[in-house]
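Structural overview for review
Chain residues, written in single-letter form:
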Amino acid sequence: MLQTKGQVDAVRVITLLDDYAGYETSFYAQHGIAFLIEVSSGEICKRILLDVGQSATPILHNMSLLGLEPGIVDAILLSHCHYDHTEGLVDMLKAINRDLVPVIAHTSIFRENYIFDPFIRNIGITAKNGPEAIRAAGGHLVLSDRPFEIMPGVISTGVVPRRVDFEQSGIGTYNLADGVISGDKIEDDLSIVINVKDVGLVILVGCSHAGIVNIVNHSKEITGIDRVEAVIGGFHLIEAPRERVIKTARALKEMEVNSVIAGHCTGLKACAELANQLKDNFELLQCGKILNVP
Ligand SMILES: [Fe+2]
Ligand SMILES: [Fe+2]
């Protein structure tokens, strides 16, 4: 496995979209997620957008409230195929309005991904955001299943091995290929890991379908860094049994993660358990939340 070597001086994570608008804000909330990750390394400052919600409208509204122009985005990474992370893609690319913007994702991102309860529905990426539409809107697809550095110290995790026994795979979605319907493990679940000099890892996740503890373990493995400063995003514990929630909170506590910021699909009960176990090391995610490291 690739051992990453790079590190960055600083990172700022700006939450452009979450399910929660926050108390007394004018942000637009939506079931979905989008982070603007500003990375500083020497003279260089690059901005990566992790996920694009199910519509660009609230993201663009929230960016304008924060005084951010869409044109500042240098690359996009899609954490996985689900609509709440991908449907805003082409409209965001149009707003960015540049040629050859890297769009990084897993090789299977364009598969159809079905649920049948309460009724048949493809919750994966739609034709509106298919490869041709992405290219026509100025995107350049970079599809990889392996970890790689987007720039030194900023890593796309690639496929995350599922090793932790309490983080079972799958959320009841199905793939359809060659007329055959089969259970789906959301293998395309990718995250971003940033190795910040003298601080440790900052890990950004979409829905954590690979399991948040698996993702943190994998991040440590591919970077060779043990210290985790922050984990931020959706942990998809909203339907998880209580036992898994407790074990997850315990594992994050044992890893001594300084800042755990969870929202989107984490769920109220899981957030309460995380707050209970992690105390001041836990924060609720919301639109406009900014994390500066260091
Ligand atoms: Fe998802
Ligand atoms: Fe999600």
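Residues numbered from 1 in each chain as written. Chains lettered and ligands numbered in written order. Predicted model: local features only at pLDDT ≥ 70, side-chain atom pairs only at ≥ 80, totals over all residues.

What follows concerns the overall build of the chain. Helix and strand counts for the chain stand at 7 helices and 18 strands. Computed over the C-alpha atoms, the radius of gyration of the chain is 18 Å, within 12% of the 19 Å expected from 2.2 N^0.38 for a compact globule of 294 residues. When the backbone C-alpha atoms are referred to their principal axes, the chain occupies close to 50 × 45 × 45 Å. The contacts of the chain with a sequence gap of at least 6 include a subset with a gap of at least 24, amounting to 74%. (Helix = DSSP H or I, 4+ residues; strand = E, 2+ residues; numbered from the N terminus. Rg over C-alpha atoms; globule rule 2.2 N^0.38 Å. Contact = placed C-beta atoms within 7 Å.)

What follows concerns the pairing of strand β12 (residues 180-183). In this sheet, β12 lies alongside strand β11 (residues 174-177) in antiparallel orientation, the contact comprising 4 bridges. Considered in β12, the bridge of A177 is made with V180. Connecting β11 to the next strand, β12, in antiparallel fashion are 2 residues, including D178 with a positive phi near 50°. (Pairing = 2+ DSSP bridges.)

Quick look at the environment of P102 now. Note on placement: P102 falls in strand β5 (residues 101-105). Distance from P102 to L77, taken between C-alpha atoms, is 8.1 Å for residues 25 residues apart in sequence. Setting aside residues no more than four positions away along its own chain, P102 makes contact with A75, H140 and V142.

Adjacent strands of a sheet form backbone hydrogen bonds with each other and so pair up, either parallel or antiparallel. Strands sit in the order β8-β5-β4-β3-β2-β1-β18 across an open sheet of 7 strands; the sheet is mixed. Single-partner strands in this sheet number two, and they are β8 (139-143) and β18 (290-293). The sheet shows a mean angle of 20° between the axes of neighbouring strands, taken without regard to direction. Bridge count between strand β3 (residues 44-50) and strand β4 (residues 75-77): 3 bridges; the pairing is parallel. Note that in β4 the partner of I48 across the bridge is A75. Contacts from helix α1 (residues 56-65) reach β1 (10-17) and β2 (34-41), with the element oriented near 125° to β1. (Axes fitted to C-alpha atoms, helices over the stretch in contact; angles between N-to-C directions.)

Taken together, 7 strands build an open sheet; the order of strands is β9-β10-β13-β14-β15-β16-β17 and the sheet is mixed. Pairing within the sheet leaves two strands with one partner each, and these edge strands are β9 (148-151) and β17 (282-284). Direction aside, the axes of adjacent strands within the sheet are offset by 20° on average. With 3 bridges connecting them, β9 and strand β10 (residues 154-156) associate as antiparallel partners.

By size, the foremost hydrophobic cluster in this structure holds 81 residues, and its most contacted members are F35, I37, I194, I203, L204 and V231. Not counting chain neighbours up to four residues away, the residues in contact with I37 comprise V11, V13, R47, I48, L50, I192 and L204. (Core = buried A, V, L, I, M, F, W, Y, C linked by C-beta atoms within 7 Å. Buried ≥ 20, exposed ≤ 12 C-beta atoms within 10 Å, placed from the backbone.)

Turning to helix α5 (residues 212-223), a few remarks are in order. Its 12 residues give α5 an end-to-end C-alpha distance of 17 Å, which sits within 8% of 16 Å, the value for a rise of 1.5 Å per residue. Taken together, the buried positions of α5 are I212, V213, I215, V216, H218, S219, I222 and T223. Those residues of α5 that are buried are in contact with β10, β13 (192-196), β14 (200-205), β15 (228-234) and α6 (242-254). With its phi angle positive at about 75°, G224 sits one or two positions after the end of α5. (Expected span 1.5 Å × (residues − 1).)

Let us now look at the pairing of β2. Where burial is concerned, most of β2 is hidden: 6 out of the 8 residues are buried. Relative to β2, β1 runs antiparallel, the two being bridged by 7 bridges. Across the sheet, V11 pairs through a bridge with V39, a residue of β2. Relative to β3, β2 is paired through 7 bridges, and the arrangement is antiparallel. Of the residues in β3, the one forming a bridge with E38 is R47. Between β2 and β3, which pair antiparallel in sequence order, lie 2 residues; one of them, G42, sits at a positive phi of approximately 60°.

A cis amide bond, omega 10°, links D117 with the succeeding residue P118. In this fold, P118 is placed in the loop between β6 (113-115) and β7 (121-122). Cis geometry marks the peptide bond from V293 to P294, where omega comes out at -10°. Its location among the elements puts P294 in the segment after β18. A positive phi angle, near 60°, is found at L100, a position not held by glycine. You can see L100 is positioned in the loop between α3 (89-96) and β5. Assessed through the 9 C-beta atoms surrounding it within 10 Å, L100 is described here as exposed.

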